[in-house]
Amino acid sequence: MLRLRKVRGTRVPVVREDASWTPVTAAQQGIWVLEQIDRLRPSYLLPTVLEFAGAVRHEVLRAAVEHVFGRHPSLRSRFRLNHALRRVEYCAEGTAPEVGLIDFERDGWPRKELGRMVEALCYSPFDLAAEPPARAEVLKVDGECTLLVLTVHHIAFDGWSRRLVVDEIATVYRAWCAGAEPGLPPAPHPAEVLRPAPAEDVAEQVAAVVQRLRGAPTDIALPYDHPPEDPDLSLVGSSAETVLPADVTERVLAAATAEGATVFMAGVALLAATLARTTEQRDFLFAVVWPGRDDPEAAGVVGMFGSTLVLRMTVDERTTWRELLRQSRAASTAAFVDADAPLPDVAAELAPGRDVARTPLTSVLVNLAEVPEVPLFASGLTVRYRPLEPQYSKFDLALFVRLCDDARLELLLDHPAPLFRPATVAGLLTALRASAAALARSVEETVLAEEPNPVFDPADPAARRALVRSVWCEVLDTGDVGDDVSFFDAGGDSLRLVILVEKLSQVSGRPLRTTDLFRAGTVRGQAELIAAPAGQAPAGATPGSRERLLGALRANSADHDS
């Protein structure tokens, strides 16, 4: 039996009766509506896990987080539906979020509970009417490892705000450890800088967006392995990535730059081309997240400023790669110019009958991958962002694009795990690589000049060999390899073999061991190893406040140990 210890209770949130209530933005109201659907709730939380290695002053860290949380009005907010005015409102005059400190050894938590505790802290829903939309816990795991788990609801917070909050926590911690004051700037109410555009301007932008998008299908012919309309579909996510060879990356980016296209725009073009080359569809709507921080006054404000925009891409038999890049630049620019057009208003015009639980207008997202830098907390203290396990995916398919440190282009596909088998995603990645190679070869070629790339079929030995071959090429950074050449003769070494094990396990869905690939050392041999069916997705999280959450974890742990 675990030794039980009374957990400090959560303070009762208070909002004054005469407090002022501010209407939420259109994007926030859309999130509030989706919050009412139970299975969607975890996907609208923004968790962050920072892992510290070294000597941490735990109470100073806890107090620093609580200080930063208390500064920002958006993190003290409560939300309500005003029935009389038919709008969602928030009040930023509630109590601040409480920040806890758990010492695993002192408080009697076994180390094996760490993963479940972090998952519960990350994905337990909030009661937005009664409690602040943020929580944090400092977890002293042992003498060398500390975790800081921060979770904020997306209705009050965006990716830009995450960076601001983490930077402030580091600033306060650093200053207090040195016995100084941090000297942070004022933290304004989001409404002070988030000024809505005039109604006539918004109506004009909505009309322009509707005109651009009208006639495009609001579904994309993705190679689903599970129906996306399933009302019980788990949104626990899965992801897989590929890194383009250096020479392909160089030529793709050179072609994009020549047409005034950014890395993001190149990603949009590659995705549109790949879907056109692997399906019969030629007209696509893609979502993109817009940070909404073009006003300099908003740059330092914690809140929900982001919105979702939709752009349109079309491909026909005459479209060249050069024209597709130009089209991507024009479509992206037009979407950004009309960023004030609320997506719910656009969706109401173009797809009024779409299921509210489905993302508006399109199920596919394209975005730049966010790779935040970790600020300095203290000398001698190593801090990193810990990968989230699990992650949740709102879109059926999301393509994230980024440049790696070695200047190669990485393409990452994210999706709810049940929708696609790993082999299907591997086929999409292979097709994306083929599209990039075709664009790199000649911008004057037509996009549809080559035969469509078939989606990977694990029952087809040739398809399995093609999949393994593509992963070899990625790991070895080469253009091609023979099916019967050994991995080491092709330029591999022990480190690359470990990377190969990880990537082949990921794309095939079969847990492979280093010894497996060592013994089956060729493309042909390894293709036979990946014929097994994919594994199962991890389970979701359990809801609850901090007190209920920790109590449930303790009760579950006690049951396991009794």
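How each quantity is defined
Residues numbered from 1 in each chain as written. Predicted model: local features only at pLDDT ≥ 70, side-chain atom pairs only at ≥ 80, totals over all residues. Heavy atoms only, no water. Helix = DSSP H or I, 4+ residues; strand = E, 2+ residues; numbered from the N terminus. Buried < 20%, exposed > 50% of the residue type's maximum accessible area, 1.4 Å probe, protein only. Patch = residues over 30% accessible without salt bridge, like charges linked within 9 Å, V, L, I, M, F, W, Y side chains within 5 Å. Areas by Shrake-Rupley, 256 points an atom, 1.4 Å probe, with all protein chains shown as cover. Salt bridge = Lys/Arg side-chain N within 4 Å of Asp/Glu carboxyl O. Lys, Arg positive; Asp, Glu negative; His and termini not counted. Charge placed at Lys NZ, Arg CZ, Asp CG, Glu CD. Phe/Tyr/Trp six-rings, centres within 6.5 Å; stacked < 30°, edge-to-face > 60°. Lys NZ or Arg CZ within 6 Å of the ring centre and 35° of its normal. Pairing = 2+ DSSP bridges. Polar contact = N/O pair within 3.5 Å; in protein donor to acceptor, adjacent residues only side chain to side chain. Contact = heavy atoms within 4.5 Å. Core = buried A, V, L, I, M, F, W, Y, C linked by side-chain atoms within 4.5 Å. Axes fitted to C-alpha atoms, helices over the stretch in contact; angles between N-to-C directions. Parallel < 35°, antiparallel > 145°, perpendicular 65-115°, else oblique. Left-handed = near helix turned anticlockwise from the far one by under 90°. Nonpolar A, V, L, I, M, F, W, Y, C, P; charged D, E, K, R; others polar. pLDDT = per-residue confidence, 0-100. Arc of directions from axis to C-beta. Expected span 1.5 Å × (residues − 1).

Colleague: Before we go on, may I ask you to explain unusual backbone geometry in this structure?
Modeller: Here the amide bond leading from Glu389 into Pro390 is cis, since omega sits at 0°, within 30 degrees of zero. Note that Pro390 resides in the loop between β12 (382–385) and β13 (397–403). Backbone geometry places Arg86, a non-glycine residue, at a positive phi of 55°. Along the chain, Arg86 turns up in the loop between β3 (78–82) and β4 (87–91). Residue Arg86 is classed as exposed on the basis of its relative accessible area, which comes to 75%. The backbone of Leu361 sits at a positive phi, close to 70°, despite the residue not being glycine. Residue placement: Leu361 occurs in the loop between α10 (343–350) and β11 (364–368). Here Leu361 falls in the buried class, since its relative accessible area comes to 1%.

Colleague: Just checking my understanding: could you explain a negative patch on the surface for this structure?
Modeller: On the surface, Glu200, Asp201, Glu204, Asp294 and Asp340 cluster together into a negatively charged patch. Among the structural elements, Glu204 can be located in helix α6 (residues 199–213). Note on Glu204: relative accessible area 57%, which makes it exposed.

Colleague: I'm lost on the packing of aromatic side chains in this one. Help?
Modeller: How two aromatic rings sit relative to each other is given by the distance of their centres and the angle of their planes. A complete count under the given rule lists ten aromatic pairs for this structure. A ring pair is formed by Phe52 and Phe377, whose centres lie 5.0 Å apart and whose planes are at 85°; its orientation type is edge-to-face. Taken together, the residues span a long stretch of sequence, with Phe52 in strand β2 (residues 45–53) and Phe377 in the loop between β11 and β12 at a distance of 325 residues. An identical accessibility class is assigned to Phe52 and Phe377; each is buried. Their ring planes at 15° and their centres at 5.4 Å tell us that Tyr224 and Phe420 sit as a pair that is stacked. Taken as a pair, Tyr224 in the loop between α6 and β8 (237–243) and Phe420 in the loop between β14 (409–416) and α11 (422–441) lie far apart in primary sequence, 196 residues in all. For Tyr224, a relative accessible area of 25% gives the class partly exposed. A network of ring pairs unites the aromatic residues Phe52, Tyr173 and Phe377 as a single cluster. Between the NZ or CZ atom of Arg135 and the centre of the ring of Phe126, over which it lies, the distance is 4.2 Å. Here the guanidinium or amino end of Lys394 rests over the ring plane of Tyr44, the centre of that ring lying 5.1 Å away.

Colleague: Would you explain the sheet that holds strand β1 (residues 22–23) in this entry?
Modeller: Pairing between the strands of a sheet comes from backbone hydrogen bonds, and it takes one of two forms, parallel or antiparallel. Strand order in the open sheet formed by three strands is β1-β4-β3, with antiparallel pairing between adjacent strands. What marks the edges here is a single partner per strand, and that holds for β1 and β3. In this structure, β3 lies alongside β4, joined through five bridges in antiparallel fashion. Paired with Arg78 across the strands is Cys91, a residue of β4.

Colleague: It is not clear to me how the side chain of Asp338 should be interpreted in this structure. Could you clarify?
Modeller: Relative to the assigned elements, Asp338 resides in the loop between α9 (321–337) and α10. One polar contact links Asp338 to Arg212, side chain to side chain, over a distance of 2.8 Å. The contacts of Asp338, once residues within four sequence positions are left out, are Gln205, Ala208, Val209 and Arg212.

Colleague: Would you mind going over the nonpolar core with me for this structure?
Modeller: What tends to happen in soluble globular proteins is that the nonpolar side chains get buried as a cluster. The biggest cluster of nonpolar side chains holds 88 residues, and the ones touching the most others in it are Leu139, Phe286, Leu311 and Trp321. Listed in part, the 31 residues of the second largest apolar core include Val68, Val138, Leu148 and Val165.

Colleague: Just checking my understanding: could you explain the packing of helix α2 (residues 58–71) against helix α4 (residues 159–177) for this structure?
Modeller: To describe two helices that pack against each other, one gives the angle between their axes and the distance between the axes. Two elements in contact, α2 and α4, have axes whose closest approach is 9 Å; the angle formed by their N-to-C orientations is 130°. With respect to α4, the axis of α2 lies oblique. Two packed elements cross with a definite hand, and for α2 against α4 that hand is right-handed. Residues Val60, Leu61, Ala63, Ala64, Val65, His67, Val68, Phe69 and Arg71 of α2 pack against Val165, Glu168, Ile169, Val172, Tyr173, Trp176 and Cys177 of α4. Tallied by class, residues from the contact of α2 with α4 come to 13 nonpolar, one polar and two charged.

Colleague: Any chance you could explain the confidence of the model for the protein chain here in plain terms?
Modeller: Where the model shows low pLDDT, its predicted coordinates should not be examined in detail. Scored by pLDDT, the protein chain comes out at a mean of 87, with 89% of its residues at no less than 70. Low pLDDT (under 50) marks residues 1–13, which in the prediction has 41 contacts with non-local residues, meaning those over four places away or in another chain. Every residue in residues 533–544 is under pLDDT 50, and counting partners more than four places away or in other chains gives 23 contacts.

Colleague: Sorry if this is basic, but what is going on with helix α1 (residues 26–35) here?
Modeller: Residues separated by three or four positions in an α-helix point in the same direction, a consequence of the helix having 3.6 residues per turn. Among the residues of α1, those classed as buried are Gln28, Ile31, Trp32, Leu34 and Glu35. Down the axis of α1, the smallest arc covering the buried residues is 165°, so these residues share one side. Each element contacted by the buried residues of α1 is listed here: β3, β4 and β7 (145–153).

Colleague: Please explain helix α7 (residues 246–258) as it appears in this structure.
Modeller: Taking 1.5 Å per residue, 13 residues should reach 18 Å; α7 reaches 18 Å between its end C-alpha atoms and fits that length. In this structure, the buried side of α7 is in contact with α8 (263–278), α9, β13, β14 and α11. Just past α7, the residue Gly260 takes up positive phi, approximately 75°.

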